[in-house]
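# Geometric and topological summary
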Amino acid sequence: MAQDKTLTKKILERQSQLAEVRRPHEEVTKEIIEMLRPDLTLWDDTDPHSKGQKRNLKIYTAVPIEAVQNATNGLQGNLASKSIDWSRFGLENEELEKVPEIRLWLQEATRGVHRLFSNSNFYSVLNRVVKDGISLSNGP
């Protein structure tokens, strides 16, 4: 039980350290969200004066928002599209890959993983992660 309390204390200390590192960047993040990601403007609703007020009044053109979406679609479409085989299992030892049974197993494993990705919400979540990376430089 004492180890759990020590671990909890360390985790809470680390969390407060990371909060201090993040604090100076929060205003810039708010500005980026206001200009590029109006879909995220409700992420910080702590200002009591903003209740009931119109949002997204700083956006005067949709060009930056469209650019973020275009870059997101381009990256995901070319690097990890649902319609292409964008990854392949392999071995460092190329001689082993020449063995027919091993090559067949690697191909089947690759197809199985692609099938799992296709039948999950991977691609819809990936779109959001890529969009956050492009606009905010972080993930969810």
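What you see is a predicted model, and the numbers here were worked out from it, not measured in a lab.

### Here's the deal with the packing of helix 3 (residues 63-79) against helix 6 (residues 122-135)
For the pair helix 3 and helix 6, the least separation of the axes is 9 Å and the interaxial angle reads 125°. As far as their axial angle goes, helix 6 and helix 3 are oblique. In the crossing of helix 3 with helix 6, the sense of the turn from one axis to the other is right-handed. In contact with Val68, Gln69, Ala71, Thr72, Asn73, Leu75 and Gln76 of helix 3, helix 6 contributes Tyr123, Leu126, Asn127, Val130, Lys131, Ile134 and Ser135. For the contact of helix 3 with helix 6, the per-class residue count stands at seven nonpolar, six polar and one charged.

### Structural notes on the side chain of Arg37
Turning to its location among the elements, Arg37 is positioned in the loop between helix 2 (26-36) and helix 3. A polar contact of 3.1 Å, which involves the side chain of Arg37, links it to the side chain of Ser135. Setting aside chain neighbours within four positions, we find Arg37 in contact with Ile32, Val68, Lys131, Asp132 and Ser135.

### Quick notes on the packing of aromatic side chains
Under the definition given, this model contains four aromatic pairs. Both rings, one in Trp86 and one in Phe117, keep their centres 5.8 Å apart while their planes meet at 15°; by these two values the pair is stacked. Note that Trp86 is positioned in the loop between helix 3 and helix 4 (94-97) and Phe117 in helix 5 (residues 100-118), a separation of 31 residues in sequence. Note on Trp86 and Phe122: the rings are 6.1 Å apart at their centroids and 5° apart in plane angle, and the pair reads as stacked. Placement of Trp86 in the loop between helix 3 and helix 4 and of Phe122 in helix 6 is noted, with a sequence separation of 36 residues between them. What links up through ring pairs into an aromatic cluster is the set Trp86, Phe117, Phe122 and Tyr123.

Reading the values: the criteria
- Residues numbered from 1 in each chain as written.
- Predicted model: local features only at pLDDT ≥ 70, side-chain atom pairs only at ≥ 80, totals over all residues.
- Heavy atoms only, no water.
- Axes fitted to C-alpha atoms, helices over the stretch in contact; angles between N-to-C directions.
- Helix = DSSP H or I, 4+ residues; strand = E, 2+ residues; numbered from the N terminus.
- Parallel < 35°, antiparallel > 145°, perpendicular 65-115°, else oblique.
- Left-handed = near helix turned anticlockwise from the far one by under 90°.
- Contact = heavy atoms within 4.5 Å.
- Nonpolar A, V, L, I, M, F, W, Y, C, P; charged D, E, K, R; others polar.
- Polar contact = N/O pair within 3.5 Å; in protein donor to acceptor, adjacent residues only side chain to side chain.
- Phe/Tyr/Trp six-rings, centres within 6.5 Å; stacked < 30°, edge-to-face > 60°.

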